[in-house]
Amino acid sequence: MKRILTGIKPSGTIQLGNYLGMIKEVIEMQNKYEVLLMIADLHAQTVPYSPKELKEITLDIAKSLVALGVNPNKTILFKQSDVPAHLYLYWILGCLVNEGDLRRMHEYKEQKEKYKDEVGTGILMYPVLMAADILIYNADLVPVGKDQEQHLELTRELARKFNKTFKKFFKIPEIYIPQETAKIMSLTNPYKKMSKSEPEGCLEIFEKEQIIKEKIMKAVTDSEKEVKYDPLKKPAISNLMTIYKHLTKKSYKEIEDEFKGKGYYEFKLTLYEAFINFFKEARRLKNKISNKQIERILNKGAIKANKIANENLKKILKIVGLR
Ligand code: TYM
């Protein structure tokens, strides 16, 4: 059976881009494959953060994932920091990686520009830890949004380099990027991805309904009034249509027909209703999960993840001459 690994960083609550770019794929995959889903709390430390919030957001994200449909009896749901083997492999891969390759990463450049000297080398080494997250399980496939593609190319490169330098051990993991929802754009700027770092343009799934409504109604639109899918000429409404399409399972054509002769206002109101309707059950379930319950789920996940990771680590340490 194929092994899947992916992760989400607890730097803010779950937003629609996370759901459409990655979580919905994992929910599908858990019925067919062995899935490991990790909350990347170590990655959240690469930029300034509050320890108290990190702990709270980590639990909040775990609850959200379960409420959205991640089944802890099928998926191994765990915290990255609960599996020390990731850090061991991170060091080994760090000794193989080219510094120039790390400096070329888009995300590194963005973060460096944003935080300047407020941050340490964690932002530079970020993709090496991602590679370790994936390779310590020898995962076959990694479902992610488009923004992670460059990091995953580096993971593949590092796996090849390790295999060539020492001995063939790692599989070269496949990257799985969903077709239409690979990059959900910000509601305030259709040329920027939806991201927790820009809250006005970001639809947090468990946010108050009133705030979600305000954000959707304020979302930027394009010139003309027509609800028409045309990503080049009408990127803003096309992005909203992609969201609507995946919340309602309607085709672009059906959506265009539905809103023929109607304007953006009506479309946005309907999109808001579709959003609330789609996530209604998840919102209800999330409130029912206690901290104790979710901690138990994460602890169970950690035991299973450690078992796989430690078996591989043992072999890796032998290969690199540490045992
Ligand atoms: P993170 O927390 O930024 O995002 C989690 C997942 O959501 C996807 N995503 C999006 N997809 C479509 N449109 C968007 N606007 C959007 N925003 C986010 C991301 O592509 C991602 O799949 N570094 C990773 C976490 C991580 C990881 C890993 C992932 C750590 N180790 C190993 C895979 C494998 C991150 O910060 O994702």
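Analysis parameters
- Residues numbered from 1 in each chain as written.
- Predicted model: local features only at pLDDT ≥ 70, side-chain atom pairs only at ≥ 80, totals over all residues.
- Heavy atoms only, no water.
- Helix = DSSP H or I, 4+ residues; strand = E, 2+ residues; numbered from the N terminus.
- Rg over C-alpha atoms; globule rule 2.2 N^0.38 Å.
- Buried < 20%, exposed > 50% of the residue type's maximum accessible area, 1.4 Å probe, protein only.
- Contact = heavy atoms within 4.5 Å.
- Areas by Shrake-Rupley, 256 points an atom, 1.4 Å probe, with all protein chains shown as cover.
- Lys, Arg positive; Asp, Glu negative; His and termini not counted.
- Charge placed at Lys NZ, Arg CZ, Asp CG, Glu CD.
- Near = heavy atom within 4 Å.
- Polar contact = N/O pair within 3.5 Å; in protein donor to acceptor, adjacent residues only side chain to side chain.
- Axes fitted to C-alpha atoms, helices over the stretch in contact; angles between N-to-C directions.
- Left-handed = near helix turned anticlockwise from the far one by under 90°.
- Nonpolar A, V, L, I, M, F, W, Y, C, P; charged D, E, K, R; others polar.
- Domains from an automatic or database assignment.
- Buried area = accessible area lost by both parts, 1.4 Å probe.
- Salt bridge = Lys/Arg side-chain N within 4 Å of Asp/Glu carboxyl O.
- Pairing = 2+ DSSP bridges.
- Right-handed = clockwise from strand over helix to strand, strands pointing away.
- Parallel < 35°, antiparallel > 145°, perpendicular 65-115°, else oblique.

Novice: Which residues make up the overall build of the protein chain, and what values go with them?
Specialist: When its secondary structure is counted, the protein chain shows twelve helices and five strands. Its C-alpha radius of gyration of 21 Å places the protein chain within 12% of the 20 Å reference for a compact globule of 323 residues. Projecting the C-alpha coordinates of the protein chain onto the three principal axes gives extents of approximately 70 × 45 × 40 Å. Burial status across the protein chain gives 53% buried among its 323 residues. Once local pairs closer than 6 in sequence are excluded, the contacts in the protein chain between residues at least 24 apart make up 75%. Carbon and sulfur atoms form 52% of the exposed surface of the protein chain, whose accessible area is close to 16100 Å². Of note, the protein chain has its 57 positive side-chain charges centred 6 Å away from the centre of its 42 negative side-chain charges.

Novice: So what about the site of the ligand? Which residues, and what values?
Specialist: The ligand sits among 28 residues. The nearest are Lys9, Tyr126, Asp133, Gly145 and Asp147. In the model, an oxygen atom of the ligand is placed 3.2 Å from a nitrogen or oxygen of the Asn18 side chain. Against a free-state accessible area of 720 Å², the protein chains account for coverage of 97% of the ligand. Secondary-structure elements contributing two or more residues to the shell around the ligand are β1 (3-8), α1 (16-29) and α6 (122-135).

Novice: Lay out the packing of α6 against helix α7 (residues 149-165) with the relevant residues and their values.
Specialist: Put simply, α6 and α7 touch, their axes get as near as 9 Å, and they point 65 degrees apart. As for the relative orientation of α6 and α7, their crossing is right-handed in sense. For the pair α6 and α7, the contacting residues are Tyr126, Pro127, Met130, Ala131, Ile134 and Leu135 in the first and His151, Leu152, Leu154, Thr155, Leu158 and Ala159 in the second. When its residues are assigned to classes, the contact of α6 with α7 shows ten nonpolar, two polar and no charged.

Novice: Describe the domain arrangement of the protein chain, with residues and values.
Specialist: Interface size is commonly expressed as the accessible surface area that is lost when the partners come together. By the assigned domains, the protein chain splits into domain 1 (3-182 + 291-319) and domain 2 (199-283). Each of domain 1 and domain 2 has a C-alpha centre, and the two are 30 Å apart. Carbon and sulfur atoms supply 71% of the area that domain 1 and domain 2 bury against each other, a total of about 1100 Å² over both sides. Connecting domain 1 to domain 2 are one salt bridge. Here Lys245 and Glu180 are joined by a salt bridge, their closest N and O atoms 2.7 Å apart. For the interface between domain 1 and domain 2, the tally reads five residue pairs in polar contact (both at pLDDT 80 or more). The set of elements that each furnish at least two residues to the side of domain 1 that touches domain 2 consists of α1 and α2 (51-68). Examining the composition of the side of domain 1 that touches domain 2, we find that four residues originate from one element, α1, more than from any other. Of the residues assigned to the side of domain 1 that touches domain 2, the class counts are six nonpolar, four polar and two charged.

Novice: Break down the pairing of strand β2 (residues 34-39) for me, citing the residues and quoting the values.
Specialist: Counting buried positions over the six residues of β2 gives five, a clear majority of the element. Of the strand pairs in this sheet, β1 and β2 are connected by six bridges, and their pairing is parallel. Residue pairing in the sheet places Leu5 in a bridge with Leu36 of β2. In the classification by handedness, the crossover that spans β2, the intervening α2 and the parallel strand β3 (residues 76-79) is right-handed.

Novice: Before we move on, could you go through the packing of helix α3 (residues 85-94) against α6 and cite the residues and values that matter?
Specialist: Where α3 contacts α6, the axes come no closer than 8 Å and their chain directions differ by 125 degrees. For the element pair α3 / α6, the angle class is oblique. For the element pair α3 and α6, the recorded crossing hand is right-handed. Contact with α3, carried on its side by His86, Leu87, Leu89, Tyr90, Leu93 and Gly94, involves Met125, Val128, Leu129, Ala131, Ala132, Asp133 and Leu135 of α6 and no other residues of that element. Here the residues of the contact of α3 with α6 sort into ten nonpolar, two polar and one charged.

Novice: So what's going on with the pattern of salt bridges? Which residues, and what values?
Specialist: The final tally for this structure, using the stated rule, is 22 salt bridges. Here Glu25 and Lys24 are joined by a salt bridge, their closest N and O atoms 2.6 Å apart. Each of the two residues, Glu25 as well as Lys24, counts as buried. The partner of Glu113 in a salt bridge is Lys116, with the nearest N and O atoms 3.9 Å apart. With relative accessibility at 55%, the residue Glu113 sits in the exposed group. Taking relative accessible area as the criterion, Lys116 reaches 47% and is therefore assigned partly exposed.

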